[in-house]
Amino acid sequence: MPGIIDLSAPEVLFSSYAVSRPDRGDCWWGEGSFRSGTMEIVSIDAAEVVVRLSGTDTHDIDANGEYTAARCP
């Protein structure tokens, strides 16, 4: 269901991220927890989910933006 989730709300027990990039000789990756911000479920259907992160406060990366994830059949 589309809507906005406050990532720092008490009912959100844990919100995390994991990222990596193509190998450039240093095998960079990172992970951590969102300390603030929102995740908006923009749309969801049988094929994909579109979310938008806003106002996130992370240590290593700027995670804000819109993301599309394919759904498993």
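Everything here concerns the structure above.
Now for a description of the structure that goes with this document. Since we're looking at a predicted model, the values are computed, not measured. (Residues numbered from 1 in each chain as written. Predicted model: local features only at pLDDT ≥ 70, side-chain atom pairs only at ≥ 80, totals over all residues. Heavy atoms only, no water.)

### Some remarks on the overall build of the protein chain
1) Next: Check the secondary structure of the protein chain and you find 0 helices and 6 strands.
2) Next: Reading the helices (α) and strands (β) of the protein chain from amino to carboxyl end gives β-β-β-β-β-β.
3) Next: Counting only residues that meet the buried cut, the protein chain has 21% of its 73 residues in that class.
4) Next: Taking contacts inside the protein chain between residues at least 6 apart in sequence as the whole, the part at least 24 apart equals 36%. (Helix = DSSP H or I, 4+ residues; strand = E, 2+ residues; numbered from the N terminus. Buried < 20%, exposed > 50% of the residue type's maximum accessible area, 1.4 Å probe, protein only. Contact = heavy atoms within 4.5 Å.)

### Details of the pairing of strand 5 (residues 48-54)
1) Next: Across 6 bridges, the pairing between strand 4 (residues 38-44) and strand 5 is antiparallel. Within the sheet, the bridge partner assigned to Glu40 lies in strand 5 and is Arg52.
2) Next: Between strand 4 and strand 5, which follow one another and run antiparallel, lie 3 residues.
3) Next: Pairing of strand 5 with strand 6 (residues 65-70) involves 6 bridges; the strand directions are antiparallel. (Pairing = 2+ DSSP bridges.)

### Focus on the nonpolar core
1) Next: Formed by Leu7, Tyr17, Phe34, Leu53 and Ala63, the largest nonpolar core amounts to 5 residues.
2) Next: What Leu53 contacts, discounting residues up to four positions off in sequence, is Leu7, Phe34, Thr38, Met39, Ala63, Asn64, Gly65 and Tyr67. (Core = buried A, V, L, I, M, F, W, Y, C linked by side-chain atoms within 4.5 Å.)

### Here's the deal with the pattern of salt bridges
1) Next: Taken as a whole and assessed by the stated rule, the structure comprises 3 salt bridges.
2) Next: Between Arg35 and Asp57 there is a salt bridge, and its shortest N-O distance comes to 3.1 Å. Residue Arg35 is found in the loop between strand 3 (29-33) and strand 4, and its partner Asp57 is found in the loop between strand 5 and strand 6; the two are separated by 22 residues along the sequence.
3) Next: Arg35 gets classed as partly exposed once you look at its relative accessible area, which sits at 48%.
4) Next: Glu40 serves as the salt-bridge partner of Arg52, at 2.9 Å between the closest nitrogen and oxygen. One end of the pair, Arg52, is in strand 5; the other, Glu40, is in strand 4, with 12 residues separating them in the sequence.
5) Next: Arg52 gets classed as partly exposed once you look at its relative accessible area, which sits at 30%. (Salt bridge = Lys/Arg side-chain N within 4 Å of Asp/Glu carboxyl O.)

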